[in-house]
Amino acid sequence: MSRNQSQKLPLFEIFVRSKRGLDHKHVGSLHAEDHEMALQHARDVYTRRSEGVSIWVVKSSDIVASQEGDEDAFYDPMDDKPYRHATFYEVPDEVKHM
Amino acid sequence: MPQDNPTAPMDDREPVFQARIDRDEKIEPKDWMPEKYRRTMIRQISQHAHSEVIGMQPEGNWITRAPSLRRKAVLLAKVQDEAGHGLYLYSAAETLGATREDMIADLQSGKAKYSSIFNYPTLTWADIGAIGWLVDGAAIMNQVMLCRTSYGPYARGMVRICKEESFHQRQGYEIMLTLSRGSDQQKAMAQDALNRYWWPSLMMFGPRDDDSPNTQQSMKWRIKRQTNDELRQRFVDQTVPQAEYLGLTVPDPDLHWNKEREHYDFGEIDWDEFWQVVKGNGPCNRQRIAHHVAAHEEGEWVREAALAYQARKASAEEAA
Amino acid sequence: MAASTHPIFEYALALGDDALVLGQRIAEWCSNGPYLEEDIALSNVALDYIGRARMLLSYAGEAEGQGRNEDQLAFTRDCRDFRNLLIYELPRGDFGFTMARQLAVDAFEVPFFEALTRSSDRTLAGIAGKALKESRYHLRHSSGWVIRLGAGTDESHRRMQDGLDQVWGYTPELFQMDAAEAALAESGVAVDRAELRQQWESTLDEVLKQATLGRPADDWQIDGGRRGVHTEHLGHLLSELQFMQRAYPGLEW
């Protein structure tokens, strides 16, 4: 598994604006080969629960913002996955600590 | 970034570091930290990441066979979350100077460990319920504590993970509830899953405090905020009534409520089994690593192609 | 064989089966992706298809009016009663094949669901609106990969071209219409598939050009999915998909 430095997928820092009116917030990082893939991966990794309306990916000193026109295709498909939220499941009142 | 000098007997920055921890302030990536703290953090975070990633396999084993389309979507979403959580954690470890490649190499060589629970097989659909209920239940207990851990990126990753995992345990319990209200065959399936997963779940909290030499240092650095035995006791206390509600029997003849302690007393874990699994001799250790290696190797040409394409594009842009 | 001949049932069932078997195939990538980020991306695609299958099969069950729900339709029909096109059921293959199939399907589904949003059937139009957003994203994902792999290394170019060659003969079926579907298209419910061919070809040509890949010759074609004449692979997919309902018939899980 020894791979030299030049063969590694570069690391990108990810910033997500959770809703209009708020700042982009750093949420973590991920590996991608370029900015486009970093954006797509960020969408899949950091906004699985519709947490974002805009994503920035930053590689070293570069900053790239996602296109506003992407919003529908980026985020709406996550709106119909309520089973990712705890309130989707029925747990009887007698059962505590869950 | 100032680095710890291993030849210095005692760095005078250490008291400042400890004082910050004692004030419950977070340590951030660029702060000075003792080399041992850095190494401990990398080890713990990367092993946590590996647990999420290897944990995809036993549950992933049932995605294509889930009994309804709703269950299939839920299970796939859950396993995908685990991949995401592994990624958050690798990302946190990378702030300490570790690389994803090195961490994966350590996982595949056996140098780095992951939670022993994922070395048990998922044989029936009920095992998916038991894992969500028990394994995620135990993991959440540990992770809630880690939301307050002293290393900032780890703590923040944990907050995100805990928020997302709230559905994981519930979906598992919901499966168990459905089975326990179902046919005799389904009830038996649920009981069998509890029988096989109960003890390995208790093992998830790690060795007894007496046998856990790192606990004291970890408590002092506030990496851990509670000991293994404290967390294990709390898990038993809250899980036993949940099992009773399901009408299932916890497979421990020594289990009973201790009125004076106001806790459940419970039997002794089979520590030989625990250490065997940790050493790599559990039912599925070899299978799990082989699966990870196979996927990683099969992905090699894809990763190489992505880099080659990117390099070509960059040089074309430079030439233009 | 299905006794029902309700045209909306047949149409929703066919589209639902397309989504179901491809969702099952893509889900097989979970924990097998080339790296963690891409593993997560593929699971999202699979989740989109499973969600789509649930809506379409539920609607098929309603249209049929015999009380069959999404699960009964998914888990209790045998191979001959499945209506999906063959391209959707082919095994996942390597990452190159998965992306070749996905490009072919995504480039078709974007204009298809765009057209279906104008269906006179409001339920289908609503499902199409949601599917369209998903497919636009899928197309962005698959076309990006086809370009990267095509123009990446010698090995990735070879694998990508192989993937395209293998899937090519299954693409003409995307544009076929039987008499029932043609009648539904006539009445404004279904989409005229033949009309989408040009847009599909221009999307593919553009991607293949950037990917430095050759468009395979149109010298073979296999079809039969809508008539229930499938590849041998479907039976194995179903034996896994339907295992629980077959081993424990009629239980709630």
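Further up the page is the structure itself.
Residues numbered from 1 in each chain as written. Chains lettered and ligands numbered in written order. Predicted model: local features only at pLDDT ≥ 70, side-chain atom pairs only at ≥ 80, totals over all residues. Heavy atoms only, no water.

Caption draft 1: Representation of the pattern of salt bridges in the model. Residues and elements named next belong to chain B. Using the criterion set out here, one finds 49 salt bridges over all chains in the structure. Across the pair Lys-78 and Glu-59 runs a salt bridge, and its minimum N-O distance is 2.5 Å. Pair noted here: Lys-78 is in helix α4 (residues 69-94) and Glu-59 is in helix α3 (residues 56-60), with a separation of 19 residues, a long-range link. Here the two residues Lys-78 and Glu-59 agree in accessibility, since each one is buried. (Salt bridge = Lys/Arg side-chain N within 4 Å of Asp/Glu carboxyl O. Helix = DSSP H or I, 4+ residues; strand = E, 2+ residues; numbered from the N terminus. Buried < 20%, exposed > 50% of the residue type's maximum accessible area, 1.4 Å probe, protein only.)

Caption draft 2: Fine view of the interface of chain C and chain A. In this assembly, 17 residues from chain C lie in contact with 24 residues from chain A. Both sides of the chain C and chain A interface together cover about 1,900 Å² of buried area, and 52% of this is carbon and sulfur. Of all residues in chain C, Glu37(C), Tyr137(C) and Arg140(C) give up the largest surface area on contact with chain A, accounting jointly for 35% of the area buried on that side. The shortest N-O distance in the salt bridge between Asp34(A) and Arg148(C) comes to 3.3 Å. Connecting chain C to chain A are eight residue pairs in polar contact (both at pLDDT 80 or more). Broken down by secondary-structure element, the contributors of at least two residues to the side of chain C that touches chain A are α2 (36-64) and α6 (122-150) of chain C. Top element by residues in the side of chain C that touches chain A is α6(C). It accounts for nine residues. Class assignment of the residues belonging to the side of chain C that touches chain A gives a composition of six nonpolar, two polar and nine charged. (Contact = heavy atoms within 4.5 Å. Buried area = accessible area lost by both parts, 1.4 Å probe. Polar contact = N/O pair within 3.5 Å; in protein donor to acceptor, adjacent residues only side chain to side chain. Nonpolar A, V, L, I, M, F, W, Y, C, P; charged D, E, K, R; others polar.)

Caption draft 3: A look at the nonpolar core. Counting residues in each nonpolar core, the largest one holds 204 residues, and the members touching the most others are Ile14(A), Leu30(A), Tyr37(B) and Trp198(B). When sequence neighbours within four positions are dropped, the list of residues in contact with Ile14(A) reads Lys25(A), His26(A), Val27(A), Gly28(A), Ser29(A), Leu30(A), Ala42(A), Tyr46(A), Ile55(A), Trp56(A) and Val57(A). (Core = buried A, V, L, I, M, F, W, Y, C linked by side-chain atoms within 4.5 Å.)

Caption draft 4: Molecular detail of the interface of chain C and chain B. Taken together, the contact between chain C and chain B spans 47 residues of the former and 45 residues of the latter. In total, about 4,000 Å² of surface goes out of reach between chain C and chain B, with carbon and sulfur atoms giving 70% of it. Considering only the surface of chain C that becomes buried against chain B, Ser31(C), Leu36(C) and Trp253(C) emerge as the three largest contributors, covering 18% of it. Put simply, chain C and chain B have two salt bridges between them. One can count 15 residue pairs in polar contact (both at pLDDT 80 or more) joining chain C with chain B. Listed by contribution, the elements that provide at least two residues to the side of chain C that touches chain B are α1 (7-27), α2, α3 (70-75), α5 (95-116), α6, α7 (154-168), α10 (233-241) and α11 (243-247) of chain C. Examining the composition of the side of chain C that touches chain B, we find that eleven residues originate from one element, α2(C), more than from any other. Residue classes in the side of chain C that touches chain B are distributed as 24 nonpolar, eleven polar and twelve charged.

Caption draft 5: Quick peek at the side chain of Arg38(B). Structurally, the position occupied by Arg38(B) is in helix α2 (residues 35-54). For Arg38(B), the side chain forms a polar contact with the main-chain oxygen of Leu96(B), separated by 3.3 Å.

Caption draft 6: The arrangement of helix α7 (residues 152-180) of chain B in detail. Residue and element names in this part refer to chain B. If you check α7, its first and last C-alpha atoms are 42 Å apart, about what 29 residues at 1.5 Å a residue would give, namely 42 Å. Where α7 bends most, the angle comes to about 35°, and this point is Glu-164. Judged by how many residues are buried, α7 sits mostly within the fold: 24 of 29 residues are covered. (Expected span 1.5 Å × (residues − 1). Bend = angle between axes of the 7 residues up to and from the residue.)

Caption draft 7: Up close: the packing of aromatic side chains. In this structure the tally under the stated criterion is 24 aromatic pairs over all chains. When the centroid spacing of 5.0 Å and the interplanar angle of 75° are considered together, the rings of Phe17(B) and Tyr37(B) count as edge-to-face. One end of the pair, Phe17(B), is in helix α1 (residues 14-22); the other, Tyr37(B), is in helix α2, and 20 residues separate them in sequence. Pairing Trp198(B) with Phe235(B) gives two aromatic rings, centres 6.2 Å apart and planes at 25°, and the pair type is stacked. Highlighted residues: Trp198(B) in helix α8 (residues 184-203) and Phe235(B) in helix α10 (residues 228-246), separated in sequence by 37 residues. In terms of burial, Trp198(B) and Phe235(B) fall into one category: buried. A connected cluster of aromatic rings, assembled from ring pairs, spans Phe108(C), Phe112(C), Phe113(C), Trp168(C), Phe175(C) and Trp200(C). Sitting over the ring of Phe243(C), Arg65(B) keeps its end group 6.0 Å from the ring centre. The lysine or arginine in question, Arg92(C), covers the ring of Trp29(C), its NZ or CZ lying 4.3 Å from the ring centre. (Phe/Tyr/Trp six-rings, centres within 6.5 Å; stacked < 30°, edge-to-face > 60°. Lys NZ or Arg CZ within 6 Å of the ring centre and 35° of its normal.)

Caption draft 8: The packing of helix α5 (residues 100-109) of chain B against helix α12 (residues 285-298) of chain B, seen in detail. Residue and element names in this part refer to chain B. As a packed pair, α5 and α12 sit with axes 9 Å apart at the nearest point and diverge in direction by 140°. Considering the angle they form, α5 stands oblique to α12. For the pair α5 and α12, the sense of crossing is left-handed. For the pair α5 and α12, the contacting residues are Ile-104, Leu-107 and Gln-108 in the first and Ile-289, His-292, Val-293 and His-296 in the second. By residue class, the composition of the contact of α5 with α12 is four nonpolar, three polar and no charged. (Axes fitted to C-alpha atoms, helices over the stretch in contact; angles between N-to-C directions. Parallel < 35°, antiparallel > 145°, perpendicular 65-115°, else oblique. Left-handed = near helix turned anticlockwise from the far one by under 90°.)

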